[in-house]
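Read off the chains here:
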Amino acid sequence: MINLTIYGDSISTITHGGGGYIKRLKKSSIYQSIKSYAISGSGLSSITPNNLYTIICKDYKIPVNTNWFLIWHGTNDWFYGSKIEQFESELQTILDQLKTTCPNSQIIYLLPLYRYETPYGSSAPGNAFETKNCVGLTLLDYRQSILNLLIKNKIDYLDMTTLTKTFQNDVKQYYEDMVHPNSNGMDVIAQIINQYFTSKL
């Protein structure tokens, strides 16, 4: 059985898509418990509001009964303009803290999802993977930094943009607002996550 703890932003809350993917995960019998520390508008780096670095490394919100941690962050670091060196350093510290506190637990990281949005300080929206933020970085830059660290630390990941490639081709079918998945989108996301954890049982 899986005791899951989730860290993420608004996509990992129950606010969007008819209760979010968490509501759908809770319908599966593979989870003994699901605990979420997801906060809307939050990022990973300490320059972002309600950030994961503070939650993990200062507030120590790490349930010791967890055997799986799911992290889905990076998008709002692009939005607010986290400096990449700080982002990478704090992500490494977060991973180290989780592994030190719960050495027998595992981590799965969900890479950033496609979105079309205006980053902070910019005047026009665009595909986040192509649009530069206030420090000159695209979401693709943050994605690559995350991926490099996950490979270095031998941590599993799900490439959510590739796994949800139909989202970009039909945004009205899968998004509420070009940023947050709707009920259809959350159905797909939950299915992807459930398939992953089922394979680990």
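Placed above this text is the structure.
All values derive from a computational prediction rather than experimental measurement.

S.K.: Is there a simple way to think about the overall build of the protein in this case?
M.R.: What the protein contains, in helices and strands, is nine helices and seven strands. Relative to the globule expectation of 17 Å for 201 residues, the C-alpha radius of gyration of the protein, 16 Å, shows essentially globular dimensions. Referenced to the eigenvectors of the C-alpha coordinate spread, the extents of the protein come out at roughly 45 × 35 × 25 Å. Counting over 201 residues, the protein shows a buried share of 57%.

S.K.: So what exactly am I meant to see when it comes to the pairing of strand S3 (residues 68–72) here?
M.R.: It is a general feature of regular strands that their side chains alternate between the two faces of the sheet. Most of S3 sits inside the fold, with five of its five residues counted as buried. Here S3 shows a buried face lined by Trp68, Leu70 and Trp72 and a second buried face lined by Phe69 and Ile71. Sheet topology note: the strand S1 (residues 2–8)/S3 ladder contains five bridges and is parallel. Bridging from a neighbouring strand, threonine 5 pairs with phenylalanine 69 of S3.

Here is what the cut-offs are and how they apply
Residues numbered from 1 in each chain as written. Predicted model: local features only at pLDDT ≥ 70, side-chain atom pairs only at ≥ 80, totals over all residues. Heavy atoms only, no water. Helix = DSSP H or I, 4+ residues; strand = E, 2+ residues; numbered from the N terminus. Rg over C-alpha atoms; globule rule 2.2 N^0.38 Å. Buried < 20%, exposed > 50% of the residue type's maximum accessible area, 1.4 Å probe, protein only. Pairing = 2+ DSSP bridges.

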